[in-house]
Amino acid sequence: WTFGKKRLEITNEKNPLWKGENAGYVPKHRWIYRHLGKPNKCKFCKIKNKKYCWANISHKYKRDFTDYIQLCYSCHKYYDLGKILL
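Sequence order sets the numbering: in each chain, residues are counted from 1 along the sequence as written. Local features in this predicted model are restricted to residues of pLDDT 70 or higher, and side-chain atom pairs are both shown and tallied only at a pLDDT of 80 or more, whereas totals for entire chains, interfaces and linings draw on every residue. Note: side-chain values were computed over all heavy atoms of the structure, leaving out hydrogens and water.

Engineer: Which residues make up the overall build of the chain, and what are the values?
Structural biologist: Numbering of helices and strands runs from the N terminus, with a helix taken as a DSSP run of H or I at least four residues long and a strand as a DSSP run of E at least two residues long. Secondary structure assignment for the chain yields 2 helices and 2 strands. When its helices and strands are written in sequence order, the chain yields α-β-β-α. Burial status across the chain gives 28% buried among its 86 residues. Counting only carbon and sulfur atoms, one obtains 55% of the accessible surface of the chain, whose full area is about 7,100 Å². Only protein chains enter the accessibility calculation, which uses a 1.4 Å probe; a residue is then buried when its area is under 20% of its type maximum, exposed when over 50%, and partly exposed in between. Using a 1.4 Å probe, accessible areas were evaluated by the Shrake-Rupley method; residue-level cover was limited to the displayed protein chains.

The structure is reproduced here in structure tokens:
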């Protein structure tokens, strides 16, 4: 029974369930948010007061901070369709 007790969180390679590069889409996005924070601007349109997300540059979802950019949802859609190039 763990109600009311502080839970010990083991992260990264120390966790017995660690999958590294074999992790799925959601765990890798959670990893990006945990390390880079919430995105707050779009690299392309620069329009403020929009919702933003982390977009994967290579579409391979690597555990590499340089493989992600901040985009608004509209630009992210166009980027994934190949209409916006870096």
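Engineer: Give me the lowdown on the state of the cysteines, citing residues and values where you can.
Structural biologist: Disulfides are covalent bonds that link the sulfur atoms of two cysteine residues. Counting rule for disulfides: a pair of cysteine sulfur atoms within 2.5 Å. Under the criterion given, the structure shown has 0 disulfides. For the unlinked cysteine Cys42, the closest cysteine sulfur is that of Cys75, found at 3.7 Å. Cys72 supplies the cysteine sulfur nearest to Cys53, a cysteine that is in no disulfide, at a spacing of 7.6 Å. Given the relative accessible area of 6%, Cys53 is considered buried.

Engineer: Report on helix α2 (residues 73-80), specifying residues and quantitative values.
Structural biologist: Every buried residue of α2 is listed here: Cys75, His76 and Tyr79. Angularly, the buried residues of α2 cover 105° about the axis, an arc narrow enough to put them on a single face. Whether two residues are in contact is decided by their heavy atoms: any pair within 4.5 Å suffices. Elements that come into contact with the buried residues of α2 comprise β1 (52-56) and β2 (68-72). Where α2 terminates, the next one or two residues include Gly82, which has phi positive at roughly 85°. Starting at the helix axis, one direction is taken to each C-beta atom, and the arc is that of these directions.

Engineer: Please provide a residue-by-residue account of the nonpolar core, values included.
Structural biologist: Grouped together as the largest cluster of nonpolar side chains are 9 residues: Cys42, Tyr52, Ala55, Ile69, Leu71, Cys72, Cys75, Tyr79 and Ile84. For this core, the secondary structure elements donating two or more residues are β1, β2 and α2. Ranked by residues supplied to this core, first place goes to β2 with 3 residues. Here the nonpolar core consists of buried residues drawn from Ala, Val, Leu, Ile, Met, Phe, Trp, Tyr and Cys, with membership extended through side-chain atoms lying within 4.5 Å.

Distances and angles like these do not, on their own, reveal function.
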